[in-house]
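Descriptive analysis of the structure
Residues per chain are reported as follows:
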Amino acid sequence: APESLMQALEDLDYLAALDDDGNLSEVGIIMSEFPLDPQLAKALIASCEFDCVEEMVSLAAMLTASPCFVPLSTPLEEAVALRRRALLHPNGDHFTLINIFNAFQQRECGQGLGGWQPGWCRKHGLCAEALRLAGTVRAELLEVMRRIELPVSPPAFGSDANALNIQRALISGYFLKVARDIDGSGNYVMLTHKHVAHLAPACGYLLRPPPRRLPPWVLYHEFTISQDNCLRVVSEIQPQMLVELAPQYYLSNLPPSEGRDLLMELREKVVAAEEAPAEAE
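Reading the values: the criteria
- Residues numbered from 1 in each chain as written.
- Predicted model: local features only at pLDDT ≥ 70, side-chain atom pairs only at ≥ 80, totals over all residues.
- Heavy atoms only, no water.
- Helix = DSSP H or I, 4+ residues; strand = E, 2+ residues; numbered from the N terminus.
- Buried < 20%, exposed > 50% of the residue type's maximum accessible area, 1.4 Å probe, protein only.
- Contact = heavy atoms within 4.5 Å.
- Areas by Shrake-Rupley, 256 points an atom, 1.4 Å probe, with all protein chains shown as cover.
- Pairing = 2+ DSSP bridges.
- Axes fitted to C-alpha atoms, helices over the stretch in contact; angles between N-to-C directions.
- Left-handed = near helix turned anticlockwise from the far one by under 90°.
- Nonpolar A, V, L, I, M, F, W, Y, C, P; charged D, E, K, R; others polar.

- If you look the protein chain up in an unreviewed UniProt entry, it shows as DQX1 helicase from Phainopepla nitens.

This is the structure we're talking about:
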């Protein structure tokens, strides 16, 4: 539909993938080298700037490959759920996917020539085939990065600085997919079109033992209105970081909402702080 095409072009413009004439920009040309959706490609490119390439390329592979979680059967559900809970990362679902990929790779590499034993995946309710596919996709993405001579930073997963850098890279590509909990009970309003959605049942924030804390602001990978009106693959972000990394004209063009007002207030504070040193001089 014409509306969908116009929305896609507008999104590409926000992602800096188009120049003033509507052609692919330099960033857009690099994005087009990757077999990824534009937002994920932009996040992967941003990871070069924020020194978290190893983690983002693993995440991109996990988001592109088949889902790694196997539906739990009733008799074993509780035991598997407990083991799976141990893999949850406090920073959100994106980090959990990196956690799972790293854990799988360590165990697969540790098997040597004897082949990988599927017991670990079975115990955690994970699909070994999907995780192997993610490994293949990851290798292909790294090959693209080497071919176009993008820098690949060393792994640093687990450090606070690395966690912030992953969040920065994600926001650089996914600022179009941010939602805010309007009442503290899990009713998330998506900033771009004010639709109210909820976290998917498999979201890590809902799987944690009580007392659960739902994040006030989240970045999400996808939204499915046709099935269950849920946000999938969700991680907490700080609105301050969104204000710093999202294009100013994107924030200004958001439909009126309390969330937009909060972001514009933050933006004014950032601008005032940037202007203060200049006035002092």
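Having put the structure on the table, let's press on.
Remarks on the overall build of the protein chain
- Along the protein chain, the regular secondary structure elements total 13 helices and five strands.
- Across its three principal directions, the C-alpha atoms of the protein chain cover 65 × 50 × 45 Å.
- Looking at the protein chain as a whole, 45% of its 281 residues are labelled buried.
- Taking as baseline every contact in the protein chain between residues at least 6 positions apart, the subset at least 24 positions apart corresponds to 66%.
- Accessible surface, the protein chain as shown: approximately 14500 Å² in total, 55% of it carbon and sulfur.

Looking at the sheet that holds strand β1 (residues 178-181)
- In space, the five strands of this closed barrel follow the order β1-β2-β3-β5-β4, with mixed pairing throughout. Averaged over all pairs of adjacent strands, the angle between their axes in this sheet comes to 50°, without regard to strand direction.
- Relative to strand β2 (residues 188-190), β1 runs antiparallel, the two being bridged by three bridges. Bridging from a neighbouring strand, D181 pairs with Y188 of β2.

Details of the packing of helix α3 (residues 38-49) against helix α9 (residues 160-174)
- Two elements in contact, α3 and α9, have axes separated by 7 Å at closest approach and are oriented at 145°. The hand of the α3/α9 crossing is right-handed. Of the residues in α9, those touching α3 at Q39, L40, K42, A43, A46 and S47 are A169, L170, S172, G173 and Y174.
- For the contact of α3 with α9, the residue count by class is six nonpolar, four polar and one charged.

Things to note about the side chain of H221
- Mapped onto the secondary structure, H221 falls in strand β4 (residues 217-224).
- The exposure class assigned to H221 is buried, which follows from its relative accessible area of 12%.
- Other than its neighbours up to four places away in sequence, H221 contacts D37, L63, H94, Y174, K177, R232 and V233.

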